[in-house]
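What follows is the residue order along each chain.
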Amino acid sequence: MGIEKGGKLVIMAGAGPMGLSALTYALHRDVCPSMDVVTDVNEDRLARAEALFPPAEVKEKDGIDLHFVNTGKMENSAAELREMTGGTGFDDVFCYAPVAAVVELCSAVLGRDYAQSAKDSGRQKKVL
């Protein structure tokens, strides 16, 4: 199914091995997002992820805005993440923790208007 070319991607609970594998894939395939946000609540994992994928280098080399965000430090994580997208929400949402609160956050930041247009065009979007 792939990701939206030039879209906005969030990888929730994504600073562990599986999430970083998804980030590697998203950054190095023929269809790339224009923005990628990796969230986690573990500051050590986020710091390691940022060291492996320095946002300034990713922006310079690939033209992708990369952000690492600790949602545990946010007052209203859904609103603050949506704000990062200019209020539109994310085109693609990957979820890497089987935790109800994380799954609900994934749903809250998914761009609903985009999901509807994807359905209308025959493509199906999933919160993974």
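As the structure is a computational prediction, the values presented were derived from the model and not from experiment.

The rules behind these values
Residues numbered from 1 in each chain as written. Predicted model: local features only at pLDDT ≥ 70, side-chain atom pairs only at ≥ 80, totals over all residues. Heavy atoms only, no water. Helix = DSSP H or I, 4+ residues; strand = E, 2+ residues; numbered from the N terminus. Buried < 20%, exposed > 50% of the residue type's maximum accessible area, 1.4 Å probe, protein only. Areas by Shrake-Rupley, 256 points an atom, 1.4 Å probe, with all protein chains shown as cover. Pairing = 2+ DSSP bridges. Axes fitted to C-alpha atoms, helices over the stretch in contact; angles between N-to-C directions. Contact = heavy atoms within 4.5 Å. Core = buried A, V, L, I, M, F, W, Y, C linked by side-chain atoms within 4.5 Å.

Asker: If you had to explain the overall build of the chain to someone new, which residues and values would you point to?
Answerer: In terms of regular secondary structure, the chain is built from 6 helices and 4 strands. Counted from the first residue to the last, the chain has its helices and strands arranged as β-α-β-α-α-β-α-β-α-α. Looking at the chain residue by residue over its 128 residues, the buried ones come to 41%. Carbon together with sulfur atoms contributes 53% to the accessible area of the chain, which is approximately 7,000 Å² in total.

Asker: Describe the sheet that holds strand E1 (residues 8-12), naming the residues involved and giving the relevant values.
Answerer: Whenever strands of a sheet pair, they do so through backbone hydrogen bonds, lying parallel or antiparallel. With parallel pairing, the 4 strands of this open sheet are ordered in space as E3-E2-E1-E4. Across the chains shown, the open sheet's two edge strands, defined by having one partner strand only, are strand E3 (65-70) and strand E4 (92-95). With direction set aside, neighbouring strand axes in the sheet form an average angle of 15°. The sheet strands contacting helix H2 (residues 43-52) are strand E2 (35-40) and E3, and the helix crosses E3 at an angle near 165°.

Asker: A description of the environment of Ala97 should follow, citing residues and the corresponding values.
Answerer: With respect to the helices, strands and loops of the structure, Ala97 is situated in the loop between E4 and helix H5 (100-109). Since its relative accessible area comes to 14%, Ala97 is described here as buried.

Asker: If you had to explain the nonpolar core to someone new, which residues and values would you point to?
Answerer: Inside soluble globular proteins, nonpolar side chains tend to come together where they are buried. Judged by nonpolar contacts, the single largest core of 18 residues is most densely connected at Ile11, Leu23, Phe53, Leu66 and Phe68. For this core, the secondary structure elements donating two or more residues are E1, helix H1 (17-27), H2 and E3. Per element, the largest residue contribution to this core is 5 residues, and it comes from H1. Apart from residues no more than four positions distant in its own chain, Phe53 is found in contact with Leu20, Leu23, Thr24, Leu27, Val58, Leu66 and Phe68. Core analysis: the second largest hydrophobic core is formed by 16 residues, Met74, Phe90, Cys106 and Val109 among them.

Asker: Account for unusual backbone geometry, with residues named and values stated.
Answerer: One non-glycine residue, Ala13, lies in positive phi territory at about 55°. Position of Ala13 among the secondary structure elements: in the loop between E1 and H1.

Such coordinate-based values are descriptive only and should not be taken to indicate function.
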